[in-house]
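# Breakdown of the fold
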Amino acid sequence: MSKAKNAGTKWDEDDDVPLAQKLKQTAKPAKPAAPPGKSSPAPPRASDSPAASAAGEKQKKDKELKQRAKTKPDPFPVSRSSGKSSAKEGDALAWAKKNWKVLAVVAAGILFFYFKVISENVRFGREHVQEDPFKVLGVASSASDADIKQVYYKLSLKLHPDKNPDQSTEDAEMFTKINLAYKTLSDPEKRAKWQSGENPEATGIPSDTQTLTDMTEGAYIGPHHAALVLAYSDYSNECWEMADEWEAIGKDLGRYVTVGRFNMEKEPGLAKKFGAVSVPMIYSVVGGKRTPFYGAPTHANVTLFLTKSLADSVAVVKDDDAGSFLEDSNMKPKVMLFAQAGMVKLRMAFRSFAFRYADSIDAAEIVITGGDKLREVYGVTREPSLVFVREPGARPLMYTNKMTHSKMQSLFNQHQHHAVPRLNIYNYKNLCGGGNQGLQPCVLYLHDSSDSAESLARAKAVLLNASTTELLEAVDDEVFRSPSAFAWVDLARQPGVKAALAGAGAHKVVAVDAAAGTFVPYDGEMDAASLVAWQHTFRSRGEGDFDPLAGSMTFSPESRYVNYRHRVREFTPQLMSLVAVIAVYLLWFAAHTIYKDHQKSKKRSKFQKQLSLSRNKVVASENKKLSKYADQEAKNSEAATRKRVEQEEQQKKREEMKAQDVILARKAREADAAAAAVAAAAPPKKAAAAAVSDAELKDAIQRIVAAGVLESLTKRSVREDLQKRYPKLDLLQRKDVVEAEIVAAVTARVEGTTPA
């Protein structure tokens, strides 16, 4: 009794927890939901029952076995014809990708072996027709001279025509062969040549052209040289056949460029440098640029080939771009060739001299179509013609006589400087020191700072007229002679020249022979005719007529004009080669990229195909699974409909019970009011605690629960409403009954049943 009292002296701690939520927490777990995308309840799981759980485990094991069977290699492979080659190619490609480093090393080794061993030590086969003398005589290669001589005598006695007058043609040929074989083997030098792979009868191809070696080729082949080079071999029949033609080519073209040759077997370095792999092979080397010749090696073809190789030495000028050529401020004289189509030999000579004098003269060929205005301006009526423009504004000089080698060389020598150049460190030796033009003493006007600009201009005009007159007279002579150069020097800028010509005194014009270290002053009138006449006397003067210089003529260094346009033009072949290399690389890169994209596209399409197949399999599997849920979905729908109807009926009953509760509550209030009135009128007395029975208390609790909001009903709220109905009732003493009835009423309402 004491325990019950103590237990009922305090309410539980969960009085404020909604009873509906508390009942859901203590209820069983909910059934699994339907598949994604479905609003209806999920079908019952197969694992809800023991039999279904066993079936699921078996299905899982079968699936694992199938997966292992797919990944496990087939112990009995079946050979199929289709796809066999592609499988092999795939294996080969995979092997190559895996061992690409080994393949790269092998390729590098092959290239190294070729370029370092084969290409430098290649030995040509015997191109002569002689048979093996050891086989002809039937002796070993190690046979002694006595053995060879003995065998030869036996064979010669047997096959000699005197011994066999009726011998056959085969015997006669054999007799010739044994004689040649014995001649070769009896001579130690010829025998050594044969055993070393050389022609024992060959003495080498003779030639008057320059012989190039690895040590001497730099003096003939370089950026400032033009050469025609032949790669040959003494054991090549073709080289022997073209020997006379090559000599004629060297004799003719050797006047314009260097003509040389090198033995491909004896000079492997040169052969590698030129890229020669066969003989005979002809190359042109112009400014360091090597060009191979392909075709019949005739004199005319080689001349045409050399002419084309020298094409970069001259500019091709039309009327439209003549201004840029003539007005180029590089301070160099200009020379133009007017010639009709063809004239290969003339163009080759002109281009060779243009290359030789490229540092001092700008050369151009005037086109046939598009050069009429230039022909009209310079008065060119006969072709071929050479027109020299030495200074802007000066009268051009035109030559239309026969263009011989000596005449063209003299013209370039005389016109490589301006008509009246200023003497400096760069042109001193050429003009006055025995160089290209300095074959005669040069005529110098000594300009000092005390002279006015007008006097210098007048002196330069006189020197220009004298130079032009002298050049025209020299050209008109039947035998072209070398005229003197007319120049001037600024003594203020060249104190070394002033000191060397101290003996000239007050003379303004002197003739200087720098090669001999002498000079002679001029005492005549300052006019062109007098200067030319005075210059003619140089040939008749003796050494005693010239005075020695006071010292050597030294020049102060001066800044030299750099023609960047010409420099760029010189590197045009290298730039074009670089552009070609870049273009080839870009083409390779584009092709490589296209190939890679194609490979990726194939892989992508294959992957997409496999993905599509997998997706179709998954969709089919999902459809199959969903089809299993179709019937269950209908059943769930029916069950939901039934449940909704039941819920509606229960809701209707609850509303009716609520209405009854309202009526009962109203009647209870009326009864309470009447009882209160009676109690007020009667004398007060103590009410009994057990005035309310358990059945009445249960009925009151059910009404309170039915009238309240289910989500917010708690034990406290129900007790408070019950205490309001029975204010004199001590609910704590009847705790067990009250709480049990509250839980039963709420449970019945949640489940939609009628409380017991």
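Notes on the structure in this doc start here. Keep in mind that this is a model prediction, so the values were computed, not measured. (Residues numbered from 1 in each chain as written. Predicted model: local features only at pLDDT ≥ 70, side-chain atom pairs only at ≥ 80, totals over all residues. Heavy atoms only, no water.)

## Points about the sheet that holds strand E1 (residues 210-211)
What the five strands build is an open sheet, ordered E1-E3-E2-E4-E5; its pairing is mixed. Of all the strands in the sheet, just E1 and strand E5 (289-292) have a single pairing partner and so form its edges. When strand E4 (residues 281-286) meets E5, the two strands line up antiparallel, connected through four bridges. Within the sheet, the bridge partner assigned to valine 286 lies in E5 and is lysine 289. Sheet strands in contact with helix H13 (residues 299-309) are strand E2 (226-232), E4 and E5, and its direction is about 30° off that of E4. (Pairing = 2+ DSSP bridges. Helix = DSSP H or I, 4+ residues; strand = E, 2+ residues; numbered from the N terminus. Contact = heavy atoms within 4.5 Å. Axes fitted to C-alpha atoms, helices over the stretch in contact; angles between N-to-C directions.)

## A look at the nonpolar core
The biggest cluster of nonpolar side chains holds 59 residues, and the ones touching the most others in it are Leu228, Phe350, Leu386 and Met408. Leu423, Leu446, Ala485 and Phe519 belong to the second-largest nonpolar core, a separate cluster that totals 22 residues. (Core = buried A, V, L, I, M, F, W, Y, C linked by side-chain atoms within 4.5 Å. Buried < 20%, exposed > 50% of the residue type's maximum accessible area, 1.4 Å probe, protein only.)

## Structural notes on the packing of helix H24 (residues 694-707) against helix H25 (residues 715-725)
Following both chains from N to C, one finds H24 and H25 inclined at 125°, their axes separated by 10 Å at the closest point. Considering the angle they form, H24 stands oblique to H25. Of the two elements, H24 crosses H25, and the hand of that crossing is right-handed. Seen from H24, the contacting residues are Leu697, Ala700, Ile701, Arg703, Ile704 and Val705; seen from H25, they are Val718, Asp721, Leu722 and Arg725. (Parallel < 35°, antiparallel > 145°, perpendicular 65-115°, else oblique. Left-handed = near helix turned anticlockwise from the far one by under 90°.)

## Focus: the sheet that holds strand E10 (residues 397-399)
On the basis of which strands lie adjacent, the open sheet formed by five strands has the order E6-E8-E7-E9-E10 and mixed pairing. Only two strands of the sheet have a single neighbouring strand rather than two, namely strand E6 (315-317) and E10. With strand direction ignored, the average angle separating the axes of adjacent strands in the sheet is 25°. As judged from the three bridges shared by strand E9 (residues 385-389) and E10, these two strands associate in the antiparallel manner. Residue pairing in the sheet places phenylalanine 388 in a bridge with leucine 397 of E10. Along the sheet, helix H15 (residues 344-356) contacts strand E7 (334-338), strand E8 (362-366) and E9; its crossing angle with E8, the most-contacted strand, is approximately 160°. The strands touched by helix H17 (residues 405-415) are E7, E9 and E10; relative to E9, the strand with the most contacts, the crossing angle is about 10°.

## Points about the packing of H24 against helix H26 (residues 735-751)
With their axes 9 Å apart at the nearest point, H24 and H26 run at an angle of 40° to one another. It follows that H24 is oblique to H26 by the angle criterion. By crossing handedness, the relation of H24 to H26 is classed as right-handed. Facing Asp694, Leu697, Lys698, Ile701, Gln702, Val705 and Ala706 of H24, the residues of H26 in contact are Val737, Val738, Glu741, Ile742, Ala745, Val746 and Arg749.

## Here we look at the packing of aromatic side chains
Enumeration according to the criterion identifies 14 aromatic pairs in this entry. Judged by centre distance (6.2 Å) and plane angle (80°), the rings of tyrosine 256 and phenylalanine 353 are edge-to-face. Of this pair, tyrosine 256 sits in the loop between helix H11 (243-253) and strand E3 (258-263) while phenylalanine 353 sits in helix H15, placing them 97 residues apart in sequence. Residue class for phenylalanine 353 comes out buried when judged on its relative accessible area of 0%. Joined through ring pairs, the aromatic side chains of Tyr256, Phe350, Phe353, Tyr357, Phe388, Tyr399 and Phe412 make up one cluster. Between the NZ or CZ atom of lysine 334 and the centre of the ring of phenylalanine 325, over which it lies, the distance is 5.8 Å. (Phe/Tyr/Trp six-rings, centres within 6.5 Å; stacked < 30°, edge-to-face > 60°. Lys NZ or Arg CZ within 6 Å of the ring centre and 35° of its normal.)

## With respect to H13
Three or more residues of H13 are buried, namely Val302, Thr303, Phe305, Leu306, Thr307 and Ser309. Packing partners of the buried residues in H13 comprise E2, H11, E4, E5 and H15.

## Remarks on the side chain of asparagine 263
Residue placement: asparagine 263 occurs in strand E3. Residue classification places asparagine 263 among the buried residues on the basis of a relative accessible area of 6%. At a separation of 3.0 Å, a polar atom in the side chain of asparagine 263 contacts the main-chain amide nitrogen of glutamate 265. Those residues in contact with asparagine 263 that sit more than four places away from it in its chain are Tyr232, Ser233 and Asp234. (Polar contact = N/O pair within 3.5 Å; in protein donor to acceptor, adjacent residues only side chain to side chain.)

## A look at unusual backbone geometry
Residue proline 280 follows valine 279 across a cis peptide bond; omega there is -10°. Here proline 280 is to be found in the loop between helix H12 (268-274) and E4. With an omega of 10°, the peptide bond running from glutamate 383 to proline 384 counts as cis. With respect to the secondary-structure elements, proline 384 resides in the loop between helix H16 (372-377) and E9.

## Quick word on the pairing of E7
Along E7, five of the five residues are buried, which leaves the element largely enclosed by surrounding structure. Residues Lys334, Met336 and Phe338 of E7 are buried on one face, and the alternating residues Val335 and Leu337, pointing to the opposite face, are buried as well. Sheet analysis places E7 next to E8, joined by five bridges and oriented parallel. Looking at the pairing, lysine 334 lines up with aspartate 362 of E8. Each parallel crossover has a hand, and for E7 linked through H15 to E8 it is right-handed. Pairing geometry for E7 and E9, over five bridges, is antiparallel. (Right-handed = clockwise from strand over helix to strand, strands pointing away.)

## Topic: a nonpolar patch on the surface
On the surface, a nonpolar cluster with roughly 650 Å² of combined accessible area is contributed by Leu578, Ile582, Tyr585, Leu586, Trp588 and Phe589. Here leucine 586 is to be found in helix H23 (residues 572-681). (Patch = residues over 30% accessible without salt bridge, like charges linked within 9 Å, V, L, I, M, F, W, Y side chains within 5 Å. Areas by Shrake-Rupley, 256 points an atom, 1.4 Å probe, with all protein chains shown as cover. Salt bridge = Lys/Arg side-chain N within 4 Å of Asp/Glu carboxyl O.)

## Focus on the pattern of salt bridges
With the rule as written, the count across this model stands at 11 salt bridges. The partner of aspartate 362 in a salt bridge is lysine 334, with the nearest N and O atoms 2.8 Å apart. Note that aspartate 362 is positioned in strand E8 and lysine 334 in strand E7, a separation of 28 residues in sequence. Neither residue differs from the other here; aspartate 362 and lysine 334 are each classed as buried. A cluster of three or more residues bridged by salt bridges with shared partners is formed by Asp252, Arg255 and Lys345.

## A short note on helix H7 (residues 145-159)
When the terminal C-alpha atoms of H7 are compared, their 21 Å separation across 15 residues agrees well with the 21 Å that a helix rising 1.5 Å per residue should span. Turning to H7, its buried residues number three or more, namely Ile148, Tyr152, Ser156 and Leu159. For H7, the angular spread of the buried residues around the axis is 75°, confining them to a single face. In H7, the exposed residues that point more than 90 degrees away from the buried face are Ala146, Lys154, Leu157 and Lys158. The inward-facing, buried residues of H7 abut helix H6 (133-137), helix H8 (169-186) and helix H9 (188-195). (Expected span 1.5 Å × (residues − 1). Arc of directions from axis to C-beta.)

## Section: the side chain of threonine 303
Within the fold, threonine 303 resides in helix H13. On the basis of relative accessibility, which here comes to 7%, the residue threonine 303 falls in the buried class. Within the structure, threonine 303 has its side chain in polar contact with the backbone oxygen of histidine 299 (distance 2.8 Å). Apart from the residues within four sequence positions on either side, threonine 303 is in contact with Leu253, Val344, Lys345 and Met348.

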